[in-house]
Amino acid sequence: MLQLLQSPSPNRLLRNFLLNSRSKPLHNRTATTVSMANLSSDAPSRGSITHIIFDMDGLLLDTEGFYTEVQQKILARYDKTFDWSLKAKMMGMKAIEAARVFVNETGISDSLSAEDFLVEREDMLRSMFPNTEAMQGASRLIRHLHAKGVPFGLATGSHKRHFELKTQRHGELFKLMHHIVLGDDPEVKKGKPSPDIFLAAAKRFEEHPVDPQRILVFEDAPSGVLAAKNAGMNVIMVPDPRLDSSYLGDADQVLSSLMDFNPKEWGLPPFEDSES
Ligand SMILES: O=P(O)(O)OC[C@H](O)CO
Ligand SMILES: [Mg+2]
């Protein structure tokens, strides 16, 4: 299924599915069958999480649209359109890895190298990133975890220069992270879907080594979900509704918004502003 990015209307079937499923998981591959008689109302049904790792772009910060806009502009010069099947392959990757996918998959690599593509999009991105907004529910969740003393860190494919621009207006939020691992960190040899970045982030918690089964990752990108699973961790996916549903199957849980996260299901302290 190809969904043109130029069309503002998302995949209707998926969107209806997401909307109809608000406040409940869309998918749960790891859920075990539990007798209701044995399940107390306080028992976590998905695992006992002690540590959390957040993705950034498209999950905490609403930056993916900037990449889309710029890539559409560049491809238009070659009379081509940027669609969600290509977007799905690029999101979450390190810049140079995503750039290689872009020029190769669109067949423009003879005219534009991956390196030149990065140079060309840089000025546009630099002017957009300082306007970055937070995703719905991001601030609520981060402040909740911080208040309850749950350790959490960040693992983003973004490199330092872009990270600083994107977080310019969100310093108060990002300073609550125990640690931040960026895509150009020396320990991150390969970008997502390699587990490198999540393994590096796991090592930097004070309590390390942390059992990966006790770590919950929040991701929006197919490559990020795979990276977390490759690291042996639990992962909640909060995808853009235009992402093809075939990418949702690898996550342990799929939510339509961070607002729908139920900490108690994962053995974490409930929000004070709700029963969950
Ligand atoms: O989704 P993130 O935070 O890993 O960022 C990756 C790229 O910079 C954007 O897709
Ligand atoms: Mg992301």
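Criteria and thresholds
- Residues numbered from 1 in each chain as written.
- Chains lettered and ligands numbered in written order.
- Predicted model: local features only at pLDDT ≥ 70, side-chain atom pairs only at ≥ 80, totals over all residues.
- Heavy atoms only, no water.
- Buried < 20%, exposed > 50% of the residue type's maximum accessible area, 1.4 Å probe, protein only.
- Helix = DSSP H or I, 4+ residues; strand = E, 2+ residues; numbered from the N terminus.
- Pairing = 2+ DSSP bridges.
- Right-handed = clockwise from strand over helix to strand, strands pointing away.
- Axes fitted to C-alpha atoms, helices over the stretch in contact; angles between N-to-C directions.
- Parallel < 35°, antiparallel > 145°, perpendicular 65-115°, else oblique.
- Left-handed = near helix turned anticlockwise from the far one by under 90°.
- Contact = heavy atoms within 4.5 Å.
- Nonpolar A, V, L, I, M, F, W, Y, C, P; charged D, E, K, R; others polar.
- Domains from an automatic or database assignment.
- Buried area = accessible area lost by both parts, 1.4 Å probe.
- Donors = N, O, S within 2.8 Å, 3.2 Å for Na, K, Ca; no water.
- pLDDT = per-residue confidence, 0-100.

Engineer: Mind showing me how you'd approach the pairing of strand β5 (residues 234-237) here?
Structural biologist: Consecutive residues of a regular strand have side chains that alternate between opposite faces of the sheet. Of the two faces of β5, both are covered, the one formed by Asn 234 and Ile 236 as well as the one formed by Val 235 and Met 237. As defined by bridge partners, strand β4 (residues 215-219) adjoins β5 across four bridges and the pair is classed as parallel. By the bridge assignment, Val 217 is partnered in β5 with Val 235. Remark: the β4/helix α10 (residues 222-230)/β5 crossover connection has right-handed handedness. As defined by bridge partners, β5 adjoins strand β6 (residues 253-254) across two bridges and the pair is classed as parallel.

Engineer: What am I meant to see in the packing of helix α2 (residues 64-76) against helix α5 (residues 114-128) here?
Structural biologist: Helix-helix packing is characterised by the crossing angle of the two axes and by the distance between the axes. Two elements in contact, α2 and α5, have axes whose closest approach is 10 Å; the angle formed by their N-to-C orientations is 135°. Judged by the inter-axis angle, α2 sits oblique to α5. Remark: the crossing between α2 and α5 carries right-handed chirality. Residue-level contacts link Phe 66, Tyr 67, Glu 69, Val 70, Gln 71, Lys 73 and Ile 74 of α2 to Phe 117, Glu 120, Arg 121, Met 124, Leu 125 and Met 128 of α5. Its residues assigned to classes, the contact of α2 with α5 comprises eight nonpolar, one polar and four charged.

Engineer: Which parts of the structure should I look at to understand the domain arrangement of the protein chain?
Structural biologist: By a widespread convention, an interface's size corresponds to the accessible area lost as its parts come together. Each assigned domain of the protein chain is listed here: domain 1 (12-30 + 47-62 + 132-266) and domain 2 (64-131). Between domain 1 and domain 2, the C-alpha centre-to-centre distance is 23 Å. Taken residue by residue, the interface counts 28 residues in domain 1 and 20 residues in domain 2. Of the roughly 1900 Å² buried between domain 1 and domain 2 on both sides combined, carbon and sulfur atoms contribute 54%.

Engineer: I keep staring at the coordination of the magnesium ion (ligand 2) and nothing clicks. Help me out?
Structural biologist: By definition of the ideal shapes, a tetrahedral metal site with four donors has angles of 109.5 degrees and an octahedral site with six donors has angles of 90 or 180 degrees. Taken together, Asp 55 (OD), Asp 57 (O) and Asp 220 (OD) make up the full set of protein donors to the magnesium ion (ligand 2), lying 2.1 to 2.2 Å away. In primary-sequence terms, the residues that donate to the magnesium ion (ligand 2) follow D-x1-D-x162-D. For the pair Asp 55 and Asp 57, one class covers both residues: buried.

Engineer: Could you clarify how one ought to interpret the packing of helix α4 (residues 95-105) against α5 in this entry?
Structural biologist: Remark: α4 packs on α5, axes separated minimally by 8 Å, with the N-to-C direction vectors making an angle of 110°. Here α5 runs roughly perpendicular to α4, going by the angle between their axes. Only Ala 114, Glu 115, Phe 117, Leu 118 and Arg 121 of α5 make contact with α4, whose side of the interface consists of Ala 95, Ile 96, Ala 99, Arg 100, Phe 102 and Val 103. Across the contact of α4 with α5, the residue classes tally to eight nonpolar, no polar and three charged.

Engineer: I would appreciate a short explanation of the confidence of the model for the protein chain in the present structure.
Structural biologist: Low-confidence regions, as indicated by low pLDDT, have predicted coordinates that should not be scrutinised in detail. Confidence along the protein chain averages 87 in pLDDT terms, with 84% of residues attaining 70 or more. For this predicted complex, the interface confidence reaches an ipTM of 0.95, while the overall pTM sits at 0.86.

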